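Chain and residue survey
Chain by chain, the residues:
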Amino acid sequence: VIQFKGHTDIVRAVKLAPPLTAGSSSSPYLLSGASDRTIRLWDMRQASRPIRIMEHHTDSVWALGVSAQFSYVVSGGRDGKLIYSVIAPTNSAHAEPITICENIEPEARDNMVLSVTLLEDVSSNSNSNSNANAASPSSPSSSSLPTNAYIYASSNRSNVHLFGITLDSMPLRATSSLSSSTGSVKSTTSSHHGNTNTNANAGASVAASIVALAQPQQLASASAIPTAPKSLISSAYIMALQGLPAILEFRILNNRKHVLTRDSDDLIELWNVTTAQREKSLGKGLNMDDVEAKLNEEVFIPSWFSVDLRLGSVAVKLEPSSAFNAEIYATDAGLTVENEEIKVNLG
């Protein structure tokens, strides 16, 4: 068991690098994102300190999407931002982080990135590389890397947002011929929910404002990471896959047959547990306590179920020890019977 010491709050996401060489089953490198607002690059062979710390977010980092070559990461979190960063395990010049999206959702309560998935497009390079010899995993050629990728980011509003990015083919790995003054300056623009972000330092230009914490001699092994990082030259918002509002709060009424819920749109609804149906929508902007007090009856019915909202919907759970505790008169259940003394079990 290896313990990585560095994060000062809960670790929310971890991504492993692919194998360094052909035939290898694992890689010693990994990325972690945490509630301390940082992303850290680690070498499992020297876990006492991270190779690099990226402090690009203003709140907790909840999601990491890493390219197949471990060349760049797209991160998201509680601040609602999607940020592109080159993974560069040296203390030389690094690419500036680029904000792909400033706010994933317009409402503050929904403006959180829960997950990020990258889908890279290699079709544009397949023809040019079909006759080429297979590149060594430890030194992939720039032409064999995808130049376009799609980012799927889910939000706290149960929506999935799709972005497209275009990458420059020029590697950003620091070399003796590459400095902060070389390369052309390009820009990236992303417009989403009225936010337009432009970064004039994108493209091949690099900046020395982000410096790895380890010394050069400590990073000798990190040069083996199989990456040829690319710079982001453009990004675009494509579409949203709309999800249903998540149910955030519930109240079980005294009749043990109805459940009151409030969703992420602030809509309060009444559900019938025995029929698994929504009976009515009561409206938005209402006080949950007031609605509960108005609908509750002065009756006592034993508890026979519980409710779980972890999936954003009403999940009714039955326990064997209590599922058949709730007996009521058939007439109270709305049933027509010959004898009013007949009882039925809600469970």
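First, a word on what this report is: a plain description of the structure on this page. It should be emphasised that the depicted structure is a prediction, and the values quoted were computed from it without experimental measurement. (Residues numbered from 1 in each chain as written. Predicted model: local features only at pLDDT ≥ 70, side-chain atom pairs only at ≥ 80, totals over all residues. Heavy atoms only, no water.)

Re the pattern of salt bridges
Under the convention used in this document: Salt bridge, as applied in this entry: a Lys or Arg side-chain nitrogen positioned within 4 Å of an Asp or Glu carboxyl oxygen. Categorising residues by exposure relies on relative accessible area from a 1.4 Å probe, with only protein chains included: less than 20% of the type maximum marks a residue as buried, more than 50% marks it as exposed, and the intermediate range marks it as partly exposed.
Applying the stated criterion across every chain, the model contains twelve salt bridges. Between Arg-310 and Asp-308 there is a salt bridge whose closest N-O contact spans 2.8 Å. Among the residues examined, Asp-308 registers a relative accessible area of 16% and is labelled buried. Via salt bridges that share partners, Glu-249, Arg-251, Arg-262, Asp-266, Asp-289 and Glu-292 belong to a single interconnected network.

Let's talk about the environment of Gly-6
The line we're drawing: Each helix corresponds to a stretch of at least 4 residues labelled H or I by DSSP, and each strand to a stretch of at least 2 residues labelled E; elements are numbered beginning at the N terminus. Contacts are assigned to residue pairs with any non-hydrogen atoms lying within 4.5 Å of each other.
Looking at the element boundaries, Gly-6 is found in the segment before strand E1 (11–16). Among the residues examined, Gly-6 registers a relative accessible area of 28% and is labelled partly exposed. Sequence separation between Gly-6 and Ala-47 is 41 residues, and the spatial gap between their C-alpha atoms is 9.3 Å. If near-sequence neighbours (up to four positions away) are discounted, Gly-6 is found in contact with Arg-40 and Trp-42.

Description of the environment of Ile-301
Relative to the assigned elements, Ile-301 resides in the loop between helix H2 (288–295) and strand E21 (306–308). Here the alpha-carbon distance between Ile-301 and Asn-254, two residues 47 residues apart in the chain, equals 6.6 Å.

Here we look at the nonpolar core
As a reminder of what qualifies: Residues grouped as a nonpolar core are buried Ala, Val, Leu, Ile, Met, Phe, Trp, Tyr and Cys residues, joined through side-chain atoms within 4.5 Å.
Core analysis: the biggest nonpolar cluster contains 20 residues, and Tyr-72, Val-74, Leu-82, Tyr-84, Ile-100, Ile-151 and Ile-165 have the highest contact counts within it. Formed by 14 residues, the second largest nonpolar core is a distinct cluster that contains Leu-41, Met-54, Val-73 and Ile-87.

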